[in-house]
Amino acid sequence: MTLKGEYVPSPEQWVRDQVAAYEASNGAEANTITDRPIVVITSQGARSGNLRKNPVMRVEHDGVYAAVASKGGAPEHPVWFHNFVANPRVELQDGAEKHEYLARIATGAERQEWWERAVAAYPPYAEYQQKTDREIPVFLLERA
């Protein structure tokens, strides 16, 4: 991994616990949220430069992953959205596999295609979109 910086765990206890258990077991444990598979993404803080780790729903197709910045339908983006924009090189762990990826925001027909994949992988995304006026961003993560 070429991401440099100090790892600062999430202020959310459930995120800290899930990430720790996932990494300690190489993805064999703590690998679902509501019975749906997740991956763990490490990004570099937009302002702090610290490394942050977030469990996100696993949405994958032909080796490309999507990271959906839903924040449960909140009116604002999750903090990691800003990290991805400022520092698009991230590390994604899917089970025991860890690789570097470059993140970019999908737009137009490509976003729609990936949005449909995301909703198929985690149906509550459709409800989250109805709860907010913002178009929920979909990042595509491609191997670096």
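Because the structure is a prediction, the values reported are computed rather than measured. Residue positions are given per chain, counting from 1 as you read along its sequence in written order. In keeping with the model being predicted, local features are shown solely for residues with a pLDDT of at least 70 and side-chain atom pairs are shown and tallied solely at 80 or more, while totals for entire chains, interfaces and linings include all residues. To obtain the side-chain values, all non-hydrogen atoms of the structure were included, while hydrogens and water were left out.

1. A look at the overall build of the protein chain
Point 1. Only runs of H or I of at least four residues qualify as helices and only runs of E of at least two qualify as strands under DSSP, and these elements are numbered from the N terminus. Each helix and strand in the protein chain was counted, giving 4 helices and 8 strands.
Point 2. The helix and strand sequence of the protein chain, counted from the amino end, reads α-β-β-β-β-β-α-β-β-α-α-β.
Point 3. With the radius of gyration taken over C-alpha atoms, the globule rule is written as 2.2 Å times the number of residues to the power 0.38. Compactness check: the protein chain gives a C-alpha radius of gyration of 14 Å against a globular reference of 15 Å for 144 residues, within 12% of the reference.
Point 4. The principal-axis extents of the C-alpha atoms in the protein chain amount to approximately 35 × 30 × 30 Å.
Point 5. Accessibility here uses a 1.4 Å probe with only protein chains present; expressed as a share of the type maximum, an area under 20% marks a residue as buried, one over 50% as exposed, and anything in between as partly exposed. Residues classed as buried in the protein chain amount to 44% of the 144 residues present.
Point 6. Here the analysis covers contacts within the protein chain between residues at least 6 apart in sequence; of these, 65% occur between residues at least 24 apart.
Point 7. The method behind every accessible area is Shrake-Rupley, applied with a 1.4 Å probe, and residues are considered shielded solely by the protein chains displayed. Total accessible area on the protein chain is roughly 7500 Å²; 49% of this is exposed by carbon and sulfur atoms. Two residues qualify as a contact provided that any one of their heavy atoms is within 4.5 Å of a heavy atom in the partner residue.

2. With respect to the layout of surface pockets
Empty space among the atoms can be located by rolling a probe the size of a water molecule over them.
Point 1. Grid points spaced at 1 Å over the protein atoms alone were grouped into cavities, where a 1.4 Å probe fits but cannot get out, and pockets, open sets with protein on both sides within 12 Å along at least five of seven lines, with lining residues defined by an atom within 4 Å of a point. Grid points are joined across faces, edges and corners, and a volume is the space filled by probe spheres set on the points. Roughly 870 Å³ of volume is contained in the largest pocket.
Point 2. For the largest pocket, the lining is made up of 31 residues, of which Asn54, Lys71, Pro78, Val79 and Trp80 are closest to its centre.
Point 3. For the lining of the largest pocket, the secondary structure elements donating two or more residues are α1 (13–24), β3 (51–57), α2 (79–86) and α4 (124–131).
Point 4. Counting residues per element, the lining of the largest pocket draws most heavily on β3, at 6 residues.

3. Section: unusual backbone geometry
Point 1. Backbone geometry places threonine 34, a non-glycine residue, at a positive phi of 45°.
Point 2. As for its placement among the helices and strands, threonine 34 is situated in the loop between β1 (32–33) and β2 (36–44).
Point 3. Its identity is not glycine, yet lysine 71 carries a phi of approximately 50°, on the positive side.
Point 4. Along the chain, lysine 71 turns up in the loop between β5 (64–68) and α2.
Point 5. Residue lysine 71 is classed as partly exposed on the basis of its relative accessible area, which comes to 40%.

4. A closer look at the pattern of salt bridges
Point 1. Salt bridges, as used here, are contacts in which a Lys or Arg side-chain nitrogen is within 4 Å of a carboxyl oxygen on Asp or Glu. In total, this model carries 9 salt bridges according to the counting rule given.
Point 2. For the salt bridge of lysine 71 with glutamate 76, the shortest nitrogen-to-oxygen distance reads 2.7 Å.
Point 3. For glutamate 76, a relative accessible area of 39% translates into the label partly exposed.
Point 4. Between glutamate 100 and arginine 89 there is a salt bridge whose closest N-O contact spans 2.8 Å. Residue glutamate 100 is found in strand β7 (residues 97–105), and its partner arginine 89 is found in strand β6 (residues 89–94); the two are separated by 11 residues along the sequence.
Point 5. Through salt bridges with shared partners, a single ionic network connects Arg58, Glu60 and Asp94.

5. Section: α1
Point 1. For α1, spanning 12 residues, the distance from its first C-alpha to its last is 16 Å, which sits close to the expected 16 Å at 1.5 Å a residue.
Point 2. Taken as a whole, α1 has its buried residues at Val15, Gln18, Val19 and Tyr22. In a view along the axis of α1, the buried residues occupy a sector of 95°, so they form one face of it.
Point 3. Packed against the buried residues of α1 are β1, β2, β3 and β6.
Point 4. Just downstream of α1 lies asparagine 26, where phi reads positive at about 55°. Expected span of a helix, by definition, is 1.5 Å for each gap between consecutive residues, and there is one gap fewer than residues. This arc is built from the directions going out from the helix axis to the C-beta atoms.

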